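Observations on the three-dimensional arrangement
The lines below spell out each chain.
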Amino acid sequence: MRKSLGAAAVGAACALAGAALYGAGAATAGQSTANSTHEPYNIGLLVKDIDTYYGTTTDSNGVYQASPDSPYAKDLARIDADARSFIDKAADKAHRHGEKPAVVFDIDDTLLLSLDYEKRYNYTYNATTWADYVNRADRPAVFGSPELVRYAESKGVEVFYNSGLSEAQRSAAVENLKKVGADVNLDAAHMFLKDKADPPAYLSDCATPGTWNCTTVQYKSGTREHIEDDLGYEIIANFGDQYSDLDGGHADRTYKLPNPTYFVS
């Protein structure tokens, strides 16, 4: 379930300290929650902190953009450098052992930045406005992510996408990823999207045709399990901006990209 800034203001605040590898810990020390007996972090100040973190500006078309010199961009650069080093070593090891290495990427705010939507709608989520936004297929790239997709491919690593976008949004997602330069394996065999009307058999524990009861973790981990167990790949790295993108196993290493604007449980 996606929660807006208003519903998850305090939980989002902890992300502003900077991104870290998911393996380093699932929570920030001293993090408070909405159930705390202390007054929550002021939402007006939090919005200012988020703008500072992204270095938010508007371009000539009035579109909100992140700055390439922002703390957000610097955090992403550190993650990117670590990921490239790890992919080098893990891919080489996998190939030497006769395995087929793969990486898995979430899409929203892992490859395509949604900052303009969050700012424009005051950090609230609406299915209709979100669908319209996605279908415009003009989101900018998350800094460094398309290059990382191409880098993994150059090392002989199979690239997969594991997204919460719906099957109806496939063409827009493909178009947008091509625009930002992540034009690698954008076919249906590599890009997994939610198909609630006709879910795949490997999700039968939580989804049947017309009935979808999968949590984000069940859907995403179940898809990774399918990539490993049914398709025969070894997922060496899994990238996402939500912990629910990463929980559930079936990846040698997980990378949590920063996103203080919303929370998906």
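Here, the structure is the one placed above.
This text gives an overview of the structure that appears in the document.

So, how was this worked out
- Residues numbered from 1 in each chain as written.
- Predicted model: local features only at pLDDT ≥ 70, side-chain atom pairs only at ≥ 80, totals over all residues.
- Heavy atoms only, no water.
- Pairing = 2+ DSSP bridges.
- Helix = DSSP H or I, 4+ residues; strand = E, 2+ residues; numbered from the N terminus.
- Axes fitted to C-alpha atoms, helices over the stretch in contact; angles between N-to-C directions.
- Contact = heavy atoms within 4.5 Å.
- Core = buried A, V, L, I, M, F, W, Y, C linked by side-chain atoms within 4.5 Å.
- Buried < 20%, exposed > 50% of the residue type's maximum accessible area, 1.4 Å probe, protein only.
- Disulfide = S-S within 2.5 Å.

Our focus in this paragraph is the sheet that holds strand E4 (residues 101-105). Overall, parallel pairing links the five strands, which are arranged E6-E5-E4-E9-E10 in an open sheet. Every interior strand has two partners, whereas the edge strands, strand E6 (191-194) and strand E10 (253-256), have only one. Shown here is a sheet whose adjacent strand axes are inclined to one another by a mean of 15°, direction ignored. Sheet topology places strand E9 (residues 234-240) next to E10; four bridges connect them, and they run parallel. Opposite Gly-240, over in E10, you have Lys-256 as the bridge partner. Against the sheet, helix H6 (residues 145-154) engages E4, strand E5 (158-166) and E9, with an angle of about 145° to E5. Sitting on the sheet, helix H7 (residues 170-180) is in contact with E5 and E6, with an inclination near 140° to E6.

It is worth spelling out the nonpolar core at this point. Ranked by size, the top nonpolar core spans 48 residues in total, and within it Val-103, Phe-105, Ile-107, Tyr-161, Leu-177, Met-191 and Phe-239 carry the most contacts. Broken down by element, the residue count for this core peaks at eight residues, all from helix H3 (residues 71-96). Once residues within four sequence positions are removed from consideration, Leu-177 is found in contact with Ile-107, Leu-111, Leu-112, Tyr-161, Ala-182, Asp-183, Leu-186 and Met-191. In this structure, Ala-102, Val-104, Phe-160 and Leu-203 belong to the second largest nonpolar core, which totals 13 residues.

Moving on: the state of the cysteines. Disulfides are covalent bonds that link the sulfur atoms of two cysteine residues. Taken as a whole, this structure holds one disulfide when the rule is applied. With its sulfur 1.9 Å from that of its partner, Cys-206 forms a disulfide with Cys-214. Here the S-S torsion is close to 80°, and the disulfide linking Cys-206 with Cys-214 is therefore right-handed. Residue classification places Cys-214 among the buried positions, given a relative accessible area of 10%.

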